[in-house]
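Examining the three-dimensional arrangement
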Amino acid sequence: MQLGHLPRVPLAVRPTPLQEASRLSAYLGGPRILIKRDDLTGLALGGNKARKLELLLGEARAQGADVIITVGAMQSNHARMTAAAARLLGWEAILVLSGEEPAEAQGNLLLDRILGAEVRLINTTEEYVLMGVVQDLARELTGRGRRPYLIPRGGSTGLGAAAYLEAGLEAFAQLNALGVRADAIVHASTSGGTQSGLLTAAKWSRAGASVVGISAGPPAATVTQRVTGIVRDLGRVVGTEWEVHPEDVLVYDDYVGEGYGIPTLGTIEAIKMVARTEGILLDPVYTGKAMAGLIDLVRRRTFARGQTVLFWHTGGVPALFAHAQTLGGPD
Ligand SMILES: *Cc1c(COP(=O)(O)O)cnc(C)c1O
């Protein structure tokens, strides 16, 4: 397995802290819980996309790109961090986001505008419509002599996932240094890059930890299918043949509720619980749902006292400010 040869631009603060969450653990009467703070990767308020962008934009630079195009939801963390990374490199970013212009730009959209990204809001939820806009833009830019580099949703390619293979190895080294063996890693999963990387890290290092993805939107079968495909591509990136069978990919879609971006009661409970026991902020779209999943799995005794769970904080905190109506009232 080879990672060192991949072109990279330094964007993320690494390693991120691994933090003991003993008050949360005691509150739940459950397993030992450690939190991997990838909300602290830097790059305009942090999150998991900073690591992926190091490798994706490394490839973009090697290809001579001068403008980055990506797609996402209106509150996309990936789009916001892409906008910041492009600025750091002196490039432009064009963000093709689904949604209608809101009365007030909040959260990530506000940050996109501050970063001066070109935001194209497209009122559709259909992926093919968004991809059509992206393809047209790329053709038009190329025609004008520009060098666009396209990043798919969430940066979840084999190359993007390689950053999470590396991140997984970083966490296992931190756990080893503490003399701790994790039984499971629990994290929010959607486009599948994070889970693909962490799953590969766990298997490759024989760490014995199961990797549990909590979907923030798509059905479990969709996430699983993405992960099996990305793991294969990741193998190609690092010069290894990797195959993961769907039955080895663990994804729960029980905590999605009404849909992507809509917090459940469990999400709100989880955000307040972690804020009030640990002083750590989760987000309403991804990590709040993932923590709601972990809390439920502890209550169901899937994870019990005596075990150790690593909760991977993947960021997303700016979206809190787009959910003041849900979270801002008195208890
Ligand atoms: C993108 C994102 C995820 C999901 O990661 P994938 O690699 O796309 O599955 C989780 N949490 C946050 C905060 C994100 O922005």
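Residues numbered from 1 in each chain as written. Predicted model: local features only at pLDDT ≥ 70, side-chain atom pairs only at ≥ 80, totals over all residues. Heavy atoms only, no water.

**Some remarks on the sheet that holds strand β10 (residues 308-313)**
- One open sheet holds the six strands; their spatial order is β1-β2-β10-β7-β8-β9, and the pairing between them is mixed. The open sheet terminates on both sides in strands that have one partner only, identified here as β1 (18-20) and β9 (250-252). Across the sheet, the mean angle separating the axes of adjacent strands is 25° when strand polarity is ignored.
- Two elements, β1 and strand β2 (residues 32-37), share three bridges in a ladder whose sense is antiparallel. Bridge pairing links E20 to L34 in β2.
- The strands touched by helix α7 (residues 193-204) within the sheet are β7 (184-189), β8 (210-215), β9 and β10, with β8 carrying the most contacts at an inclination of about 170°. (Pairing = 2+ DSSP bridges. Helix = DSSP H or I, 4+ residues; strand = E, 2+ residues; numbered from the N terminus. Axes fitted to C-alpha atoms, helices over the stretch in contact; angles between N-to-C directions. Contact = heavy atoms within 4.5 Å.)

**Overview of helix α6 (residues 158-178)**
- Between its terminal C-alpha atoms α6 stretches 30 Å, which fits the 30 Å expected from 21 residues at 1.5 Å a residue.
- Of all 21 residues in α6, 15 are buried, a share of seventy percent or more.
- G179 sits one or two residues past α6 and shows a positive phi near 70°. (Expected span 1.5 Å × (residues − 1). Buried < 20%, exposed > 50% of the residue type's maximum accessible area, 1.4 Å probe, protein only.)

**Focus: the pairing of strand β5 (residues 118-122)**
- Bridge analysis of strand β4 (residues 92-98) against β5 gives five bridges, and the strand direction is parallel. In the sheet register, I94 faces β5, and the bridge partner there is E118.
- Between the parallel pair β4 and β5, the chain is carried across by helix α4 (residues 107-114), and the sense of this crossover is right-handed. (Right-handed = clockwise from strand over helix to strand, strands pointing away.)

**Structural notes on the layout of surface pockets**
- Of the voids in this model, the largest pocket is the one considered here, and its volume is about 1000 Å³.
- If you trace the largest pocket, you find 48 residues lining it, with A73, R153, Y260, G261 and Y286 closest to the centre.
- Listed by contribution, the elements that provide at least two residues to the lining of the largest pocket are α2 (49-62), β3 (67-73), α3 (77-88), α4, α5 (127-143), β7 and α7.
- Here the lining of the largest pocket is composed, by residue class, of 13 nonpolar, 29 polar and six charged.
- Here the lining of the largest pocket spans two domains, since at least three of its residues come from each of domain 1 (18-47 + 156-327) and domain 2 (49-154). (1 Å grid on protein atoms, 1.4 Å probe; cavity = no way out; pocket = protein on both sides within 12 Å on 5 of 7 lines; lining within 4 Å. Points joined across faces, edges and corners; volume = space filled by probe spheres on them. Nonpolar A, V, L, I, M, F, W, Y, C, P; charged D, E, K, R; others polar. Domains from an automatic or database assignment.)

**Some remarks on the pattern of salt bridges**
- For the structure shown, the criterion picks out 22 salt bridges.
- One salt bridge in this structure joins E140 and R144, with 3.4 Å as the shortest N-O distance.
- On the accessibility criterion, E140 (42% relative accessible area) is partly exposed.
- Of the charged contacts in the structure, one is a salt bridge between R181 and D183, with a shortest N-O distance of 3.0 Å.
- What you see here is one network of salt bridges that share partners, running through R8, R14, E54 and E166. (Salt bridge = Lys/Arg side-chain N within 4 Å of Asp/Glu carboxyl O.)

**Description of the site of the ligand**
- The environment of the ligand is formed by 16 residues, the closest being K49, K52, S191, T194 and T314.
- Between the ligand and the protein, one listed contact pairs an oxygen atom with a backbone N or O atom of T190 at 2.8 Å.
- Here an oxygen atom of the ligand sits 2.7 Å away from a polar atom, N or O, in the side chain of T194.
- Here the ligand loses 98% of its free accessible area of 380 Å² to cover by the protein chains.
- In a pocket analysis with a 2 Å cut-off to the grid points, the ligand is assigned to the largest pocket.
- Of all elements in the fold, only α2, β7 and α7 reach the threshold of two or more residues within the shell around the ligand. (Near = heavy atom within 4 Å. Polar contact = N/O pair within 3.5 Å; in protein donor to acceptor, adjacent residues only side chain to side chain. Areas by Shrake-Rupley, 256 points an atom, 1.4 Å probe, with all protein chains shown as cover. Sits in = over half its atoms within 2 Å of the grid points.)

These figures come from the coordinates and say nothing about function on their own.
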